[in-house]
Amino acid sequence: MTHTELLIKEYYSLNQDKIIDCPFQPGNLKISEEACLKRRKAAHRKKFETYRVEDLFNYFVSQGLSRCQECPLINSPASQF
């Protein structure tokens, strides 16, 4: 096992109560509550537009963030947005 894998396992064991299994993102995403709030904040700031086929990266980023806009998992005060 690499050093990075050990660090990740250690982080998970110490912060297990702060890790969310996100049902709205593909790939069984495990994300911290803080990162989830940052994604939700970014989703509210992002202007969703139609992307050209050549811009697949931005298309997939916007699709992932669009799911975060109305996510019911993490409720935060409106002042954070």
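None of the values given here were measured: they were computed from a predicted structure. (Residues numbered from 1 in each chain as written. Predicted model: local features only at pLDDT ≥ 70, side-chain atom pairs only at ≥ 80, totals over all residues. Heavy atoms only, no water.)

A. Region of interest: the packing of helix 2 (residues 33–45) against helix 3 (residues 56–68). Closest axis-to-axis distance for the helix 2/helix 3 pair is 8 Å, and the angle between their directions is 105°. Relative to helix 3, the element helix 2 lies roughly perpendicular. Contacts between helix 2 and helix 3 involve Arg39, Arg40, Ala42 and Ala43 from the first element and Gly64, Leu65 and Cys68 from the second. Among the residues making up the contact of helix 2 with helix 3, the classes are represented as four nonpolar, one polar and two charged. (Axes fitted to C-alpha atoms, helices over the stretch in contact; angles between N-to-C directions. Helix = DSSP H or I, 4+ residues; strand = E, 2+ residues; numbered from the N terminus. Parallel < 35°, antiparallel > 145°, perpendicular 65-115°, else oblique. Contact = heavy atoms within 4.5 Å. Nonpolar A, V, L, I, M, F, W, Y, C, P; charged D, E, K, R; others polar.)

B. Layout of a nonpolar patch on the surface. Judged by side-chain polarity, Ile8, Tyr11 and Tyr12 come together as a nonpolar surface patch covering roughly 280 Å² of accessible area. Summarising the element assignment, Tyr12 is placed in helix 1 (residues 3–14). (Patch = residues over 30% accessible without salt bridge, like charges linked within 9 Å, V, L, I, M, F, W, Y side chains within 5 Å. Areas by Shrake-Rupley, 256 points an atom, 1.4 Å probe, with all protein chains shown as cover. Salt bridge = Lys/Arg side-chain N within 4 Å of Asp/Glu carboxyl O.)

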